[in-house]
Amino acid sequence: MADDKDVKNLLEHLVKNLLPEDVEEIELRNVTIGLDELELDLKTVAQTLPVEIWKRVFKPKVEEEEREVEVPEYEPPVEEYEGCVAEVQIGATRSDGGSRDRVVVLGGERAYFPFEESRPNPPVVTFDVFDTPDVGIPGPIREELGDVIEDPVDWARTVVKRYGVDIVTVHLVSTSPKLHDAPVEEAMKTLEDILDAVKVPIIVGGSGDPEKDVEVFVRAAEVCEGERVMMSSINEDMNFERVVEAAKKHGHVVLTFAPVDVNLMKSLNKKVLNRGLSKEDIVMDPTTCALGYGIEYTIDVMTRIRLAALKGDEHLQMPISSGSTNAWAAREAWMKDESWGSREYRGPLWEAVTATTVALCGADLLMMFHPWAVQVVMEAMEYMAEGRVTGDAYVTDVIA
């Protein structure tokens, strides 16, 4: 019985001495080989694949990986517009006959997208101040502002000094017959005190009563002569012609208001222009629906208004104002429900997202309420204007 070594020697001898060099295989017949152990060396298909076939199969793939892909250079679709938005100044310094230490200029856009042309005047945030706390101020805002809401003069002074806003909106809601029905002269005293307390431009807001607001605005135009304030707001349901005449006589700006309708907005602006005010004396408010409560309608209307202005519609070539404070009408902003998360965070976020959204759609003036939301949006607007990171614009960081 031969062992493994004998078999191996026999095979090597046969291959080396007995077979021609061109023989690739031999066949043994009538040979019995006894082995204690048999080890088989089986090659995979890839190992046994002929080299030429291997190259044929895999070579194209290697070439494809090594080939350089040509990426075409992206060119943003820049449009040329025949129209532009008028620039409207609110406030007057001493050189202009007023007593403000600065002015705010809105509008001036000549393009819609930032990559077409940067906005000459970035959106501005105005802080809401009410002449009475009895207007249903949401809890998170009361908690943040504290006792200053009891005194409108202190309230205005605080928001300018503490939060650095460039403009303040004074809502004379106490004059509403459905609230306190305060006399117009009493409201004018508050307005004069605020004009003395802060030196930023002022927006005069009414109570929403169509008859009382006319009286308030006409008198405010006289009291604020030279200061170039903005009357907020006039609409088709009131005798707006009297307010327009007063604004024209004393050199002020009016805010026209229409309920989410391009044609109504255009119609009112046309009437005001026909009464003698220029595009540089008008700001328009096409209504801001809150996030989750129809903001898509506001996005649509503001976008259509701005594009129409750039295409040459002179009745829509005014800056756009947004009542971003409307975000607090959404129950998600103020309602206590722990499953929605802390309302101390929800409310400011709701307002900040609403304001930022409309700013991206063309709004030039953002009326806001909560200090945290105001700070976040002011930083966002600064970022939009200068294209740089101004800090951590997160509500949580502001809180800390």
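Structure's up top.
Residues numbered from 1 in each chain as written. Predicted model: local features only at pLDDT ≥ 70, side-chain atom pairs only at ≥ 80, totals over all residues. Heavy atoms only, no water.

### Digging into the layout of surface pockets
No. 1: Its volume calculated, the largest pocket comes out at about 780 Å³.
No. 2: Around the largest pocket, the lining comprises 32 residues; the ones closest to its centre are Phe 130, His 171, Gly 206, Ser 207 and Asn 326.
No. 3: Mapped onto the lining of the largest pocket, the elements with two or more residues apiece are β3 (124-130), α7 (210-223), β6 (230-234) and β7 (253-257).
No. 4: Here the element with the most residues in the lining of the largest pocket is α7; it accounts for three residues.
No. 5: Estimates place the volume of the second largest pocket at around 330 Å³.
No. 6: Lining the second largest pocket are 17 residues; nearest its centre among them are Tyr 112, Phe 113, Pro 114, Arg 119 and Met 384.
No. 7: Its residues placed into classes, the lining of the second largest pocket shows eleven nonpolar, two polar and four charged. (1 Å grid on protein atoms, 1.4 Å probe; cavity = no way out; pocket = protein on both sides within 12 Å on 5 of 7 lines; lining within 4 Å. Points joined across faces, edges and corners; volume = space filled by probe spheres on them. Helix = DSSP H or I, 4+ residues; strand = E, 2+ residues; numbered from the N terminus. Nonpolar A, V, L, I, M, F, W, Y, C, P; charged D, E, K, R; others polar.)

### Some points on the side chain of Asp 313
No. 1: Examined against the element boundaries, Asp 313 turns out to sit in the loop between α10 (295-310) and β9 (321-322).
No. 2: What makes Asp 313 buried here is its relative accessible area of 17%.
No. 3: At a separation of 2.9 Å, a polar atom in the side chain of Asp 313 contacts the side chain of Lys 266.
No. 4: The residues touching Asp 313, leaving out its near neighbours within four places in the chain, are Lys 266 and Ala 308. (Buried < 20%, exposed > 50% of the residue type's maximum accessible area, 1.4 Å probe, protein only. Polar contact = N/O pair within 3.5 Å; in protein donor to acceptor, adjacent residues only side chain to side chain. Contact = heavy atoms within 4.5 Å.)

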